[in-house]
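Here are the chains, one letter per residue:
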Amino acid sequence: MDAIARPKIVNMDEAKALLSKEPELVVVFDQNVAWVLESLMGDLPPAKAYIGLETSEEDKTMDTVLALERQLMEADASRRALLVAVGGGITTDLAGFAAAIYKRGIRYANVPTTLLSQVDAAVGGKTGVNLDHYKNMLGAFHMPEFTVLCPEALRTLPEREFKAGEAELLKTFLLRDAIAYAQAVRCFADAQNDISGFIARAAAIKADIVSRDPYEQGERALLNLGHSFGHAIEHIAQEEGGDITHGEAVAMGIVLAARLSEKIGLAKEGLEEQIKADFEALGLPTQSPYPPRALGEAMRKDKKAAGGKVKFILLKAAGEPVIQELTVNEAIDDLC
């Protein structure tokens with residue numbers, strides 16, 4: 001595969017300057033954040049089409065992508081079009097995947113409007129949809145032209161969604177910056193603090209990792225800390241009609257990863273309790289509602305499972321991740 005350039009991260013003014021040079025724009029947006037769209041496009045010529053989406057995990061399917069493709073065709077979008085995705089991670093995942101396969105691929109840009117998407121989902125070029133409640137089983141690596149970081153877009157974000165984003169941001173710091181992790185925990189505990197610097201730092205860390213391993217052949221797998229367990233939690237919740245967000249599942253998954261790290265002797269005793277205490281101080285859930293055996297059944301069908309083993313992302317300590325290949329049975333037996 002061809003090399004991919006480092007993900008480009010810009011602010012709102014830079015994004016407007018870039019968009020003003022585009023001859024053909026198509027905008028796909030979450031209908032709940034139309035005000036961000038107006039702020040972005042207000043001074044620009046009208047786009048060729050504006051396509052609003054309903055966004056939920058239940059809508060994140062091939063049916064939605066195919067409907068989006070038909071709307072692109074109806075708008076007569078050409079191969080030179082730039083698709084602009086405005087919304088959270090579901091929107092950028094859906095729109096990015098649609099861009100990847102429309103006419104064998106058109107360009108797109110992300111304007112993420114949730115904390116989770118600004119520090120994770122909209123950075124790095126992973127696109128996709130769910131299949132039968134399994135997370136992102138269908139998708140493509142398709143790098144956006146740029147991703148816009150706009151802290152102002154978070155001002156109407158519900159508290160629960162903001163907390164979900166905190167989990168992904170803290171995950172990134174647990175991988176690469178123990179000092180920033182401790183500082184972020186203290187900052188988030190005081191809701192009056194400015195977090196824009198932490199958003200930029202987390203996005204930059206992910207961009208650096210992606211630039212070195214765009215197709216997840218090695219280092220990029222580290223970004224899945226908490227996700228093997230987290231995706232299993234999400235899968236069961238969706239099947240049973242439970243109400244668990246992606247960020248909440250990742251928070252619980254990170255705690256389970258810390259526990260497993262201790263159980264196999266990788267981390268010193270106390271890592272799990274420290275992370276639990278930090279997360280609980282911020283109002284994040286830390287206890288999976290489903291037992292390890294139930295999670296194991298879901299994990300066996302996860303897209304990350306290969307040859308009977310899963311690449312679990314574990315921790316020696318904050319800032320010291322390790323990729324550990326284990327069978328699901330080995331991991332679950334250690335947790336039980």
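Above this text sits the structure in question.
Bear in mind that the values here come from a model prediction, so they are computed numbers and not experimental data.

1. Some remarks on helix H2 (residues 34-41)
Inference 1: Buried within H2 we find Val36, Leu37, Leu40 and Met41. On an axial view of H2, the arc spanned by its buried residues comes to 115°, and they lie on one face.
Inference 2: Where H2 is buried, its residues contact helix H1 (12-19), strand E2 (25-30), strand E3 (49-53), strand E4 (82-87) and strand E5 (107-112).

2. Describing empty space enclosed by the protein
Inference 1: Inspection of the entire model under this criterion finds two cavities of 30 Å³ or more.
Inference 2: In this structure, the second largest cavity encloses a volume near 50 Å³.
Inference 3: Contributing to the lining of the second largest cavity are Asn224, Gly226, His227, Ser228, Phe229, Gly253, Ala257, Phe312, Ile313 and Leu314.
Inference 4: Sorting the residues of the lining of the second largest cavity by element identifies helix H9 (227-240), helix H10 (246-263) and strand E10 (309-317) as the ones contributing at least two each.
Inference 5: Counted by class, the lining of the second largest cavity contains five nonpolar, five polar and no charged residues.

3. With respect to the packing of helix H6 (residues 159-176) against helix H8 (residues 196-212)
Inference 1: The contact between H6 and H8 brings their axes to 10 Å, and the two run at 60°. Between H6 and H8, the angle falls in the class oblique. The handedness of the crossing between H6 and H8 is left-handed. Seen from H6, the contacting residues are Leu169, Thr172, Phe173 and Arg176; seen from H8, they are Phe198, Ile199, Arg201, Ala202, Ile205 and Ile209.
Inference 2: Classifying every residue of the contact of H6 with H8 by side-chain character gives seven nonpolar, one polar and two charged.

4. Remarks on the side chain of Lys135
Inference 1: Inspection of the secondary structure assignment puts Lys135 in strand E7 (residues 134-141).
Inference 2: Residue Lys135 is classed as buried on the basis of its relative accessible area of 6%.
Inference 3: Within polar-contact distance, the side chain of Lys135 engages the side chain of Glu57 at 3.0 Å.

Conventions we followed
- Residues numbered from 1 in each chain as written.
- Predicted model: local features only at pLDDT ≥ 70, side-chain atom pairs only at ≥ 80, totals over all residues.
- Heavy atoms only, no water.
- Buried < 20%, exposed > 50% of the residue type's maximum accessible area, 1.4 Å probe, protein only.
- Helix = DSSP H or I, 4+ residues; strand = E, 2+ residues; numbered from the N terminus.
- Arc of directions from axis to C-beta.
- Contact = heavy atoms within 4.5 Å.
- 1 Å grid on protein atoms, 1.4 Å probe; cavity = no way out; pocket = protein on both sides within 12 Å on 5 of 7 lines; lining within 4 Å.
- Points joined across faces, edges and corners; volume = space filled by probe spheres on them.
- Nonpolar A, V, L, I, M, F, W, Y, C, P; charged D, E, K, R; others polar.
- Axes fitted to C-alpha atoms, helices over the stretch in contact; angles between N-to-C directions.
- Parallel < 35°, antiparallel > 145°, perpendicular 65-115°, else oblique.
- Left-handed = near helix turned anticlockwise from the far one by under 90°.
- Polar contact = N/O pair within 3.5 Å; in protein donor to acceptor, adjacent residues only side chain to side chain.

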